[in-house]
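# Breakdown of the fold
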Amino acid sequence: MANKIQSIRGMNDILPDETPAWQFLEEKLRQLMHGYDYDEIRFPIVEKTALFKRSIGEVTDIVEKEMYTFDDRNGDSLSLRPEGTAACVRAGIQNGILVNQQQRLWYLGPMFRHERPQKGRYRQFHQMGVEVYGLDGPDIDAELICMTARLWQLLGLSDSVSLQINSLGVPASRDVYRDILSDYLEVNKELLDEDSLRRLQSNPLRILDSKNPAMQEMIEQAPRLMDHLDDGSKQHFAQLCAYLDSVGIRYEINTRLVRGLDYYSKTVFEWVTDKLGAQGTICAGGRYDGLVKQLGGRETKAVGFAMGLERLISLLDQDELQKHIKHPHAVMLMMGERAQNAGFALTEKIRDKLKNIRILNVCGGGSFKSQMKRADKSQAEIALILGDDELDNNKITVKYLRANKEDNKPQQEQLSQQELLDLLTKLQ
Ligand code: ATP
Ligand code: MG
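From a predicted model like this one, the values you see are computed outputs, not experimental measurements.

## A word on the pairing of strand S15 (residues 396-400)
- With respect to burial, S15 is a largely interior element, four of its five residues being buried.
- Strand direction decides the pairing type here: strand S14 (residues 382-386) and S15, joined by four bridges, are antiparallel. Bridging from a neighbouring strand, Leu384 pairs with Val398 of S15.

## Looking at the sheet that holds strand S3 (residues 69-71)
- With antiparallel pairing, the three strands of this open sheet are ordered in space as S2-S4-S3. The open sheet has two edge strands, strand S2 (46-48) and S3, and neither has a second partner. Looking at each pair of strands side by side, their axes are set apart by 35° on average, direction ignored.
- Judged from the three bridges that link them, S3 and strand S4 (residues 77-80) form a sheet pairing that is antiparallel. When the bridges of S4 are listed, Thr69 appears paired with Ser79.
- In the packing of helix H2 (residues 49-56) onto the sheet, the strands contacted are S2, S3 and S4, and the crossing angle to S2 comes to about 75°.

## With respect to the packing of helix H6 (residues 171-187) against helix H7 (residues 194-202)
- Interhelical geometry of H6 versus H7 gives an angle of 145° and a closest axis separation of 10 Å. Our pair here, H6 against H7, has a crossing hand that is left-handed. Along the contact surface, H6 presents Arg178, Ser182, Leu185 and Glu186, while H7 presents Leu200, Gln201 and Ser202.
- Of the residues that constitute the contact of H6 with H7, the class distribution is two nonpolar, three polar and two charged.

## Details of the site of ligand 1
- Neighbouring ligand 1 are 16 residues, the closest being Arg113, Glu115, Arg121, Arg259 and Thr281.
- In the environment of ligand 1, an oxygen atom lies 2.8 Å from a nitrogen or oxygen atom belonging to the side chain of Arg121.
- Gly308 places a polar main-chain atom, nitrogen or oxygen, 3.3 Å from an oxygen atom of ligand 1.
- Protein contact buries 90% of the 580 Å² of open area that ligand 1 shows by itself.
- Looking at the shell around ligand 1, the elements with two or more residues in it are strand S6 (124-133), strand S10 (281-287) and strand S11 (302-308).
- When residues of the shell around ligand 1 are assigned to their parent elements, the largest contribution, four residues, is made by S10.
- Split by residue class, the shell around ligand 1 holds six nonpolar, four polar and six charged.

## What about the sheet that holds strand S16 (residues 412-415)?
- Strand order in this open sheet of five strands is S13-S12-S14-S15-S16, and the pairing throughout is mixed. The outermost strands of the open sheet, each flanked by one partner alone, are strand S13 (359-361) and S16. Taken pair by pair, the neighbouring strands of this sheet meet at an average axis angle of 25°, ignoring direction.
- Bridge count between strand S12 (residues 330-334) and S13: three bridges; the pairing is parallel. Note that in S13 the partner of Ala330 across the bridge is Ile359.
- Helix H14 (residues 368-377) contacts S12, S14 and S15 of the sheet and is inclined by roughly 170° relative to S12.
- Contacts from helix H16 (residues 417-427) reach S12, S14, S15 and S16, with the element oriented near 120° to S16.

## Thoughts on the packing of helix H1 (residues 19-35) against helix H5 (residues 138-154)
- Across the interface, H1 lies against H5 with an axial gap of 10 Å and an inter-helix angle of 140°. The angle between the axes of H1 and H5 places the two elements in the oblique class. Crossing angle aside, the handedness with which H1 passes H5 is right-handed. Contact residues: H1 offers Lys28, Leu29, Gln31, Leu32 and Met33, while H5 offers Met147, Arg150, Leu151 and Leu154.

## Brief notes about the nonpolar core
- By size, the foremost hydrophobic cluster in this structure holds 94 residues, and its most contacted members are Tyr38, Val130, Trp152, Trp271, Met307 and Leu312.
- Top contributing element to this core by residue count: H5, with nine residues.
- Setting aside residues no more than four positions away along its own chain, Val130 makes contact with Met33, Tyr38, Leu105, Trp106, Tyr107, Leu144, Met147, Val303, Gly304 and Phe305.

## Re the pattern of salt bridges
- Under the counting rule described, the total for this entry stands at 23 salt bridges.
- Between Glu299 and Lys301 there is a salt bridge whose closest N-O contact spans 3.8 Å.
- Here Lys301 falls in the partly exposed class, since its relative accessible area comes to 26%.
- Of the charged contacts, one joins Glu320 and Lys323 as a salt bridge, the two residues approaching to 3.1 Å between their closest N and O atoms.
- In this structure Lys323 comes out as exposed when scored by relative accessible area, which is 62%.
- Here the salt bridges share partners, and the residues they tie into one network are Asp61, Glu64, Lys65, Asp195, Arg198, Arg199, Arg206 and Asp209.

## With respect to the packing of aromatic side chains
- On inspection of all chains with the given rule, the structure shows four aromatic pairs.
- Their ring planes at 85° and their centres at 6.3 Å tell us that Tyr133 and Tyr288 sit as a pair that is edge-to-face. A residue pair is termed long-range when its members are at least 10 positions apart, and Tyr133 in strand S6 and Tyr288 in the loop between S10 and helix H10 (291-294) qualify at 155 residues.
- Exposure remark for Tyr288: the relative accessible area of 1% places this residue in the buried category.
- Seen from their ring centres, Phe269 and Phe305 are 6.3 Å apart, and the 65° between their planes marks the pair as edge-to-face. Pair noted here: Phe269 is in strand S9 (residues 265-273) and Phe305 is in strand S11, with a separation of 36 residues, a long-range link. The pair Phe269 / Phe305 is uniform in exposure class, with both members buried.

Basis of the calculations
Residue indices begin from 1 for each chain and proceed along its sequence in written order. Throughout, the order in which chains and ligands are written sets their labels, letters from A for the former and numbers from 1 for the latter. Local features in a predicted model are, by the rule used here, given only for residues with pLDDT of at least 70; side-chain atom pairs are given and counted only at 80 or more, and totals for whole chains, interfaces and linings are based on all residues. Values shown for side chains rest on all heavy atoms present in the structure; no hydrogens or waters enter the calculation. Residue burial is assigned from relative accessible area. The probe radius is 1.4 Å, only protein chains are included, and a residue is buried under 20% of its type maximum, exposed over 50%, and partly exposed in between. Helix numbers and strand numbers start at the N terminus; a helix is a DSSP run of H or I with at least 4 residues, a strand a run of E with at least 2. Here a strand pair is declared whenever DSSP counts at least two bridges between the two strands. Interaxial angle, 0 to 180 degrees, is taken between N-to-C directions of lines fitted to C-alpha atoms, where a helix line uses only the stretch in contact. Two residues form a contact once any of their heavy atoms are found within 4.5 Å. By definition, turning the near helix anticlockwise from the far helix through less than a right angle yields a left-handed crossing, and turning it clockwise yields a right-handed one. Charged means Asp, Glu, Lys or Arg here, nonpolar means Ala, Val, Leu, Ile, Met, Phe, Trp, Tyr, Cys or Pro, and polar covers whatever is left, Gly included. Throughout, the term near means that a residue has one or more heavy atoms lying within 4 Å of the molecule or strand in question. Any N or O atom pair separated by 3.5 Å or less is treated as a polar contact, with the protein-specific requirement of one donor-capable and one acceptor-capable atom, and with residues adjacent in sequence counted only for side-chain atom pairs. Under the convention used here, a 1.4 Å probe and the Shrake-Rupley method define accessible areas, while residue burial counts only the protein chains that appear. Here roughly perpendicular refers to angles of 65 to 115 degrees, roughly parallel to angles under 35, roughly antiparallel to angles over 145, and oblique to all remaining angles. Think of a nonpolar core as a cluster: buried Ala, Val, Leu, Ile, Met, Phe, Trp, Tyr and Cys residues, connected wherever their side-chain atoms sit within 4.5 Å. In the sections that follow, a salt bridge refers to a side-chain nitrogen of Lys or Arg positioned within 4 Å of a carboxyl oxygen of Asp or Glu. The rule is short: rings of Phe, Tyr and Trp, with Trp giving its six-membered ring, pair when the centres are within 6.5 Å, and they are stacked under 30 degrees, edge-to-face over 60, tilted in between.

Structure representation (structure tokens):
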């Protein structure tokens with residue numbers, strides 16, 4: 001036998017018994033976006049490498065170590081998208097939908113990062129993201145946080161997650177702080193790990209983001225960006241907090257929250273959970289007012305977030321999910337050649353008439369017993385049985401597969417086509 005070709009490590013198949021959970025989540029997300037009147041955008045999975053370098057930043061985990069980058073046949077350097085924001089901005093600029101306009105957009109799809117695969121961390125994973133352009137007030141930042149809080153409610157996760165927020169200020173105030181922080185880190189240089197030493201010059205703020213346990217105490221003692229904010233950012237942040245207070249969303253101000261990407265300004269936030277071990281961030285976002293200009297567009301205010309769908313799904317209650325798995329309403333058993341033809345036509349006729357019916361044909365024939373076995377396995381409500389006897393009488397036998405023995409209803413009966421349609425209408 002030939003060697004089996006395996007999938008790429010960290011890139012998973014989503015099997016039929018898992019797709020109902022994905023469909024459930026995707027449906028809730030669409031419902032949520034509908035409720036806030038956001039529009040879906042779809043952009044390619046591959047972009048020019050320069051787009052990600054310029055937006056995410058050269059000195060970030062993603063660009064330094066995680067991107068799937070390759071030369072295509074023309075010799076252009078391309079990368080599989082590691083996140084959605086850069087491509088969304090690129091698409092917005094290129095299609096002229098950002099200038100003098102407001103856009104409230106969302107997207108959903110696979111992202112690719114060459115990380116060490118483990119639970120909650122994959123090389124192909126899925127994000128749902130939201131990006132808003134042309135609005136600079138804290139009200140829109142608050143709206144994004146509200147919609148995520150509403151999603152946790154819809155998914156029954158409100159008790160499993162908590163919100164952390166921070167403000168990164170504007171570039172000018174951040175530059176002042178960067179110097180203060182650099183001085184502090186310089187003094188504590190012997191405590192820095194290799195990654196942090198490298199970032200000391202290029203991106204010292206990112207050192208605050210480090211998860212290295214040995215550095216936590218030193219980071220804890222570091223000067224706080226929050227104490228060096230410009231007045232505009234301070235006010236913006238205070239108003240954001242007031243909006244959240246007004247709708248009863250609880251939050252923790254985490255002054256160390258800087259986020260892994262270069263392009264943030266003012267508001268940043270993360271929803272975290274303690275139920276997924278080290279992979280505890282399920283949703284992260286913030287304001288990135290400088291990015292559109294940085295990528296060649298006109299200055300445009302922007303704010304957004306992205307959430308990891310694998311992590312969300314692993315938080316969902318499995319019993320609750322079972323309830324959302326859809327089974328066929330009816331399964332069609334056909335005994336003998338005449339019945340096979342007639343039954344095939346009948347199920348098509350039923351689908352013509354009843355738009356929401358879910359009906360499974362037991363194809364391939366076989367004995368009554370083997371067809372019945374497949375009918376049971378399908379978990380359908382009823383079995384429709386068609387054989388010579390039924391055809392001669394212009395009837396169809398209906399067997400109630402879920403009927404309770406104690407009920408006084410028949411377990412099985414013969415119906416006319418019209419009676420059958422009436423029954424199925426009720427079931428669908
Ligand atoms: P982490 O700190 O866990 O590496 P991140 O800061 O790199 O996360 P973002 O770039 O902000 O993550 O992406 C937003 C969300 O996407 C994360 O909060 C997480 O839920 C999800 N995510 C990121 N990387 C992965 C991955 N490799 N596998 C699965 N989900 C991921
Ligand atoms: Mg990461």
